[in-house]
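What follows is the residue order along each chain.
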Amino acid sequence: MSRSRGRRLARAGIRDVAAAAGVSITTVSDALNGKGRLPEATRRHVREVADRLGYRPSAAARTLRTGKSGLIGLTVTTYGDEPFTFTEFAYFAEMARAASSAALARGYALVILPASTRQSPYDVWSNVALDGTVVIDPSDRDPVVAELVRQGIPVVSDGRPCGDLPVAAWVDNDHEAAVTGLLDHLAAAGARRIGLLTGTSTDTYTRLSTSAYLQWCERRGQTPVYEAYPAHDPCAGAVAADRLLARPDRPDAVYGLFDPNGTDLLAAARRYGLRVPEDLLLVCCSESAVYAATDPPVTTLSLKPGRIGTTVVQLLIDAIEGVGGGRPVQRIMPTDLIVRASSQRRRPRTTISSPRSPEQHS
């Protein structure tokens, strides 16, 4: 029996890569970490040798060498101390998956941080040595962001920050253009009084989307018809949908800003005997595949959270590693309106009789 059977094979080290590639250890380190002034051919050669040998840099060695943990955080601070399990929402779940993959691709691990805690959040997070943090939809003058930056931890925002919130970069959608486009879509489908389900928080997404709706109403000469509720409370969304459809100035179309609004509005419409789309046109912002199978399928606005998750992590790691010169970076991502039956009025069927044959005249 071979002595090596049952034993773990020795892991290739940086010295092995250097020897096999015919270069110094420093050159291997620079080539694999994207540093130094090396010819691209040398970097490619070193990476090919490292891949062939199965070499992977040691996270512990990197921590000792750079003083960095290789951990980055991700959280939502929009709702303060209110309980909010953000990964249960399709947008946040997809965004977190993409962010995790992007982090691993650059040698970092993503830590999902609690969205709320009765203690100071940054006191809790101080138990984890983070190199940087992604904050989703920070609220106006967010104290958590300010404290993280004060402690020297780079922060990148998923959502355009309000005022002078000191983030290293932010990524967001053009919410004004997205809302204007979908309202125009509803109007073109025959809507004359479009309502809105919105939130009570001060984050940029809610604020800009609501503002775009109000401006659209002003341009069109329509009186705004909307209900606002605390979006972290799922029960409050169903109540708000019911209130909106119970109004004497009930809308004939509704846009819901949040993931559950589509199902809440469908249920409320059934209670009031309203048919979708004949009596009520409906659009909501969601990444959930559920809306392709509802009755009827619901038109959704996608904010492309996968692309946003990848981009915020790339920008955060650039800030951690000093790439980009330290200037705040701003990125706008496209949206996609996925049109389904709920926002398209059915045309009345016209029955055309086939021409009779000459024999039928006789």
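Use the structure listed above.
Residues numbered from 1 in each chain as written. Predicted model: local features only at pLDDT ≥ 70, side-chain atom pairs only at ≥ 80, totals over all residues. Heavy atoms only, no water.

**Notes on the packing of helix α1 (residues 14-21) against helix α3 (residues 40-53)**
Line of reasoning, step 1. Orientation of α1 relative to α3, taken along the N-to-C sense of each, is 125 degrees, at an axis distance of 9 Å. It follows from the interaxial angle that α1 and α3 lie oblique. α1 and α3 meet at a crossing whose hand is right-handed. Counting all contacts with α1, which are made through Asp16, Val17, Ala20 and Ala21, the residues of α3 involved are His45, Val46, Val49, Ala50, Arg52 and Leu53.
Line of reasoning, step 2. Among the residues making up the contact of α1 with α3, the classes are represented as 7 nonpolar, 1 polar and 2 charged. (Axes fitted to C-alpha atoms, helices over the stretch in contact; angles between N-to-C directions. Helix = DSSP H or I, 4+ residues; strand = E, 2+ residues; numbered from the N terminus. Parallel < 35°, antiparallel > 145°, perpendicular 65-115°, else oblique. Left-handed = near helix turned anticlockwise from the far one by under 90°. Contact = heavy atoms within 4.5 Å. Nonpolar A, V, L, I, M, F, W, Y, C, P; charged D, E, K, R; others polar.)

**Looking at the pairing of strand β1 (residues 71-76)**
Residues in a regular strand point their side chains to alternate faces of the sheet.
Line of reasoning, step 1. Across the 6 residues of β1, 5 count as buried, placing the element largely inside the fold.
Line of reasoning, step 2. Relative to strand β2 (residues 109-112), β1 is paired through 4 bridges, and the arrangement is parallel. When the sheet's bridge partners are listed, Gly73 is paired in β2 with Val111.
Line of reasoning, step 3. Here β1 pairs with strand β3 (residues 132-136) via 5 bridges, running parallel. Within β3, the position partnered with Thr75 by the bridge is Val135. (Buried < 20%, exposed > 50% of the residue type's maximum accessible area, 1.4 Å probe, protein only. Pairing = 2+ DSSP bridges.)

**Structural notes on the nonpolar core**
Line of reasoning, step 1. Counting residues in hydrophobic clusters, the biggest one holds 70 residues, and the most contacted among them are Ile72, Leu186, Tyr255, Val312 and Val313.
Line of reasoning, step 2. Counting residues per element, this core draws most heavily on helix α12 (residues 305-320), which supplies 7 residues.
Line of reasoning, step 3. For Val313, the residues in contact, after removing those within four places along its chain, are Ile72, Ala99, Ala102 and Ala103.
Line of reasoning, step 4. Residues Ala12, Val17, Ala18 and Tyr55 belong to the second largest nonpolar core, which totals 10 residues. (Core = buried A, V, L, I, M, F, W, Y, C linked by side-chain atoms within 4.5 Å.)

**With respect to the side chain of His175**
Line of reasoning, step 1. As for its placement among the helices and strands, His175 is situated in helix α8 (residues 175-188).
Line of reasoning, step 2. Only 2.7 Å separates the side chain of His175 from the side chain of Asp172, close enough to count as a polar contact.
Line of reasoning, step 3. In contact with His175, other than residues within four places in its own chain, are Arg160, Tyr205, Leu208, Ser209 and Leu303. (Polar contact = N/O pair within 3.5 Å; in protein donor to acceptor, adjacent residues only side chain to side chain.)

**Some points on the packing of helix α5 (residues 90-105) against α12**
Line of reasoning, step 1. Relative to each other, α5 and α12 sit at 40 degrees, their axes nearing to 7 Å. Considered as vectors, α5 and α12 are oriented oblique to each other. Considering the relative orientation of α5 and α12, their crossing is right-handed. When α5 is examined against α12, the residues Tyr91, Glu94, Met95, Ala98, Ala99, Ala102 and Ala103 are found in contact with a partner set consisting of Pro305, Gly306, Ile308, Gly309, Thr310, Val312, Val313 and Ile317.

**Here we look at the pattern of salt bridges**
Opposite charge on two side chains permits pairing when their charged atoms draw close.
Line of reasoning, step 1. Counting across every chain of the model gives 12 salt bridges.
Line of reasoning, step 2. Salt-bridge contacts for Glu321 lead to Arg106; the nearest nitrogen and oxygen are separated by 3.4 Å. With a gap of 215 residues between them, Glu321 in the loop between α12 and β11 (329-333) and Arg106 in the loop between α5 and β2 connect regions that are remote in the sequence.
Line of reasoning, step 3. When the shortest N-O distance is used, the salt bridge between Asp336 and Lys304 registers 3.8 Å. Of the two residues, Asp336 sits in strand β12 (residues 336-338) while Lys304 sits in the loop between β10 (299-302) and α12, which places them 32 residues apart along the sequence. (Salt bridge = Lys/Arg side-chain N within 4 Å of Asp/Glu carboxyl O.)

**Overview of the sheet that holds strand β8 (residues 253-256)**
Line of reasoning, step 1. On the basis of which strands lie adjacent, the open sheet formed by 6 strands has the order β7-β6-β8-β9-β10-β12 and mixed pairing. Two strands bound the open sheet, and with one partner strand each, they are β7 (225-229) and β12. Neighbouring strand axes in the sheet, compared pairwise and without regard to direction, differ in orientation by 15 degrees on average.
Line of reasoning, step 2. Of the strand pairs in this sheet, β10 and β12 are connected by 3 bridges, and their pairing is antiparallel. Its bridge partner lying in β12, Ser302 is registered against Asp336.
Line of reasoning, step 3. Across the sheet, helix α10 (residues 234-246) is in contact with β6 (194-199), β7 and β8; its angle to β7 comes to roughly 160 degrees.
Line of reasoning, step 4. Strands β6, β7, β8 and β9 (281-285) of the sheet are contacted by helix α11 (residues 261-271), whose axis makes an angle of about 155 degrees with β9.

**Section: the sheet that holds strand β5 (residues 169-173)**
Line of reasoning, step 1. Strand order in the open sheet formed by 6 strands is β2-β1-β3-β4-β5-β11, and the pairing between neighbours is parallel. Looking along the sheet, the strands with just one partner apiece sit at the ends: β2 and β11. With direction set aside, neighbouring strand axes in the sheet form an average angle of 20 degrees.
Line of reasoning, step 2. Packed onto the sheet, α5 meets β1, β2, β3 and β4 (155-158) and runs at close to 150 degrees relative to β2.

**Points about the packing of aromatic side chains**
Line of reasoning, step 1. The full count for this structure, using the stated rule, is 3 aromatic pairs.
Line of reasoning, step 2. Ring geometry for Tyr205 against Phe258: centres 6.1 Å apart, planes inclined by 70 degrees, an arrangement best described as edge-to-face. Of the two residues, Tyr205 is situated in helix α9 (residues 204-220) and Phe258 in the loop between β8 and α11; the sequence distance between them amounts to 53 residues.
Line of reasoning, step 3. Overall, Tyr205 belongs to the buried group, its relative accessible area being 8%.
Line of reasoning, step 4. Summarising the aromatic geometry, the rings of Tyr229 and Phe258 are spaced 6.0 Å apart at their centres and angled 80 degrees between planes, so their arrangement reads as edge-to-face. Of this pair, Tyr229 sits in strand β7 while Phe258 sits in the loop between β8 and α11; the two residues are 29 residues apart in sequence, bridging distant segments of the chain. Each of the two residues, Tyr229 as well as Phe258, counts as buried.
Line of reasoning, step 5. A connected cluster of aromatic rings, assembled from ring pairs, spans Tyr205, Tyr229 and Phe258. (Phe/Tyr/Trp six-rings, centres within 6.5 Å; stacked < 30°, edge-to-face > 60°.)

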